[in-house]
Amino acid sequence: MFAVVKTGGKQYKVAKDDVIKVERLDAEPGDTIALEEVLMLGDGDKTTAGQPTVAGACVAAEVLEQARAKKILVFKKKRRKGYRRLNGHRQNLTVLRVTDILTDGKKPAQAKSGAAKQAKAPAEKTEAKKPEAKKPEAKKAAPKKTTAKKAAPKKTAEKSGTAKKASGGAASKAKSSTSKASTTKSSAAKKASGAKASGGKAGASKGAASKAKTTKKSKE
């Protein structure tokens, strides 16, 4: 009797006591699992094909070990681009030995499916929570020492120095402004005296000219 079973996206033709390597299954060595996706059954001259699976058929298998396939090298290259990549890969596998091919809805004893095992995992994690660690008692805070703060000395000397500097600057500014005013007054007086002198000279020249005219007329 043989069966065509599907697991890990692949199909395998198996018979009793066959050893096959399939894609990694969530099981431990020694566990018994049930492969329920049976696509075909054969018994002598009689074959039964599923649509897509055979109803009530099941393949029981024992997990021998969790292994890895041989390493393969994956090399990529693009010419004239300087592109080369070399990677390695080892596929995870599960080694199974077929113990029985069951029909009419029978199930193997102690069968463990991947879904049931995954459902049990979170329950076990919740039970195996560690007890909460006791928090250390808070230490009493030591009383703070009260030390009298020294009064900061008043900065009177600095203030007086700055006041003196400010007064000296104001006095120098006042002196410079008075000196500027005196210089402007003296320059204005000089200009006025120069204008008077030029006016007197002009009057004298006019008087001399008038006298010359009168003398010429008298002679005539």
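Residues numbered from 1 in each chain as written. Predicted model: local features only at pLDDT ≥ 70, side-chain atom pairs only at ≥ 80, totals over all residues. Heavy atoms only, no water.

A.B. asks: Can you lay out the confidence of the model for the protein chain for me, pointing to particular residues and giving the numbers?
C.D. replies: Atomic detail in the predicted coordinates should be set aside for any region of low pLDDT. Confidence along the protein chain averages 77 in pLDDT terms, with 50% of residues attaining 70 or more. Ranking the elements of the protein chain by mean pLDDT puts helix H1 (residues 114–127) last with 51 and strand E9 (residues 83–89) first with 98. (pLDDT = per-residue confidence, 0-100. Helix = DSSP H or I, 4+ residues; strand = E, 2+ residues; numbered from the N terminus.)

A.B. asks: Outline the pairing of strand E1 (residues 2–7), supporting the account with residue identities and numerical values.
C.D. replies: Bridge count between E1 and strand E2 (residues 10–15): six bridges; the pairing is antiparallel. Bridge pairing links Ala3 to Val14 in E2. Here E1 folds back onto E2, and the loop between the two strands holds two residues, one of which, Gly8, carries a positive phi near 65 degrees. For E1 and strand E5 (residues 38–43), the ladder comprises four bridges, and the chain directions are antiparallel. Across the sheet, residue Val4 finds its bridge partner in E5, namely Met40. (Pairing = 2+ DSSP bridges.)

A.B. asks: Would you mind going over the sheet that holds strand E6 (residues 46–49) in detail, with residue names and values included?
C.D. replies: Ordered in space as E2-E1-E5-E6, the four strands form an open sheet in which the pairing is antiparallel. Strand pairing shows two members of the sheet lacking a second neighbour, E2 and E6, which therefore form its edges. Averaged over all neighbouring strand pairs, the angle between strand axes comes to 15 degrees, with direction disregarded. Judged from the four bridges that link them, E5 and E6 form a sheet pairing that is antiparallel. Bridging from a neighbouring strand, Met40 pairs with Ala49 of E6. (Axes fitted to C-alpha atoms, helices over the stretch in contact; angles between N-to-C directions.)

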